[in-house]
Amino acid sequence: MKRARVYVEAGPEAAGRRAASLVDAAVRANPESVLILPTGATPIPLYAELVRLHRETGTSWAGVTTFNLDEYAGVSPEDEQSYARFMARHFFDALDPPPARRLLPDGLATDLLAETLRYEAALDAAGGADVAVLGLGLNGHIGFNEPAPGLTAGTHVAALALDTWRRNFPELAATHPGPPDAHAPFSRAITLGVASILQARRIVLVATGASKRDAVHAALHGPITTAFPASLLQLHRDVTVILDGAAAPGGALAGDATDPGSAG
Ligand code: GLP
């Protein structure tokens, strides 16, 4: 079995710079790269560094096609909490010229099933992803593929796990004591499925902070199970994991092992 390459960086910013250097190198090697991109707090330093490299070294994103992992269902791309706005704010608005192809699922599609099929077909038509950059949920979710007895291969509409919804929308959750119903805002998303993600030729998983340490351990060393979707990454032959010291299983010291090592 081919093990993941693991980088342990000094902190979240350094982890972001490491991830950005890999993505930037991929885009320079193939200016028509197809990328899958994440949202969340973790990749914010990654996008900041990609913007810096774009401005200061001239890396061109004009020919790159990007697919975001997910978008909330029923949410406008203009909504401040949409992933479309997140990507504009942290990355896309800083690209000059804006890349023509920056794709996210349409959260406002009236026919959500048709939208999932359209999005998956667009990824297929682009030839699949060269690199998928992923964050990691505390419960092992990737995109919005939440733990479940079975997972869906392709793009689909997913209900957020209750703990994910509470973590992502604490103010909203405070007003809803129980699980959100299907029509509660931000309770469902359109997400790439696990097969859509695993079909990427290369996967880069980024996780930082002590809260992610157990999840990183389970992803890299735990049993392969749909109860912890990130464990399925062990089935892929080209995975790079970028951590900070706090997220590293075994609590590697910051700056301890900046060279790739074995995942165990
Ligand atoms: C979110 C996203 C994931 C993301 C994860 C972790 O809900 N759907 O794609 O990787 O949770 O987010 P964070 O980086 O903020 O910890």
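Source: prediction; values computed, not measured. (Residues numbered from 1 in each chain as written. Predicted model: local features only at pLDDT ≥ 70, side-chain atom pairs only at ≥ 80, totals over all residues. Heavy atoms only, no water.)

### Topic: the site of the ligand
Phase 1 of the analysis: Of all residues adjacent to the ligand, which total 15 residues, the nearest are Ala 41, Thr 42, His 141, Asn 168 and Lys 212.
Phase 2 of the analysis: Ala 41 has a polar backbone atom sitting 2.8 Å from an oxygen atom of the ligand.
Phase 3 of the analysis: Between the ligand and the protein, one listed contact pairs a nitrogen atom with a backbone N or O atom of Gly 143 at 3.2 Å.
Phase 4 of the analysis: In isolation the ligand has 390 Å² of accessible area, and contact with the protein removes 95% of it.
Phase 5 of the analysis: Its residues placed into classes, the shell around the ligand shows four nonpolar, eight polar and three charged. (Near = heavy atom within 4 Å. Polar contact = N/O pair within 3.5 Å; in protein donor to acceptor, adjacent residues only side chain to side chain. Areas by Shrake-Rupley, 256 points an atom, 1.4 Å probe, with all protein chains shown as cover. Nonpolar A, V, L, I, M, F, W, Y, C, P; charged D, E, K, R; others polar.)

### Some points on the packing of helix α1 (residues 12–29) against helix α2 (residues 44–57)
Phase 1 of the analysis: Running from amino to carboxyl end, α1 crosses α2 at an angle of 50 degrees, the nearest separation of the two axes being 7 Å. Comparing the axis directions of α1 and α2 gives the class oblique. In the packing of α1 onto α2, the handedness of the crossing is right-handed. For the pair formed by α1 and α2, the contact residues are Pro 12, Glu 13, Gly 16, Arg 17, Ala 19, Ala 20, Val 23, Asp 24 and Arg 28 on the first element and Pro 45, Leu 46, Glu 49, Leu 50, Leu 53 and Thr 57 on the second.
Phase 2 of the analysis: Among the residues forming the contact of α1 with α2, the class breakdown is eight nonpolar, two polar and five charged. (Axes fitted to C-alpha atoms, helices over the stretch in contact; angles between N-to-C directions. Helix = DSSP H or I, 4+ residues; strand = E, 2+ residues; numbered from the N terminus. Parallel < 35°, antiparallel > 145°, perpendicular 65-115°, else oblique. Left-handed = near helix turned anticlockwise from the far one by under 90°. Contact = heavy atoms within 4.5 Å.)

### Side note on unusual backbone geometry
Phase 1 of the analysis: Note that the residue after Asp 96, namely Pro 97, is joined by a cis bond; omega there is -5 degrees.
Phase 2 of the analysis: Secondary-structure assignment places Pro 97 in the loop between α3 (83–90) and β5 (101–103).
Phase 3 of the analysis: Look at Phe 186: it is not a glycine, yet its phi comes out positive at around 65 degrees.
Phase 4 of the analysis: Here Phe 186 is to be found in the loop between α6 (170–174) and β8 (188–191).

### Let's talk about the sheet that holds strand β7 (residues 156–159)
Phase 1 of the analysis: In spatial order, the strands read β4-β8-β7; together these three strands make up an open sheet with antiparallel pairing. Pairing within the sheet leaves two strands with one partner each, and these edge strands are β4 (70–72) and β7. The mean angle between the axes of side-by-side strands here comes to 30 degrees, regardless of whether they run parallel or antiparallel.
Phase 2 of the analysis: The pairing of β4 with β8 spans three bridges and is antiparallel. (Pairing = 2+ DSSP bridges.)

### Things to note about the environment of Leu 198
Phase 1 of the analysis: Considering the arrangement of structural elements, one finds Leu 198 in helix α7 (residues 194–198).
Phase 2 of the analysis: Along the chain, Leu 198 and Pro 38 lie 160 residues apart, while their C-alpha atoms are 14 Å from each other.
Phase 3 of the analysis: In contact with Leu 198, not counting residues within four places along its chain, are Ile 203, Leu 232, Leu 233 and His 236.

### Focus: the side chain of His 236
Phase 1 of the analysis: Here His 236 shows up in the loop between α8 (213–221) and β10 (239–244).
Phase 2 of the analysis: At 2.9 Å, the side chain of His 236 and the backbone nitrogen of Asp 238 are in polar contact.
Phase 3 of the analysis: Non-local contacts of His 236, meaning those with residues more than four positions away in its chain, are made with Lys 2, Leu 198, Ala 200, Arg 201, Arg 202 and Ile 203.

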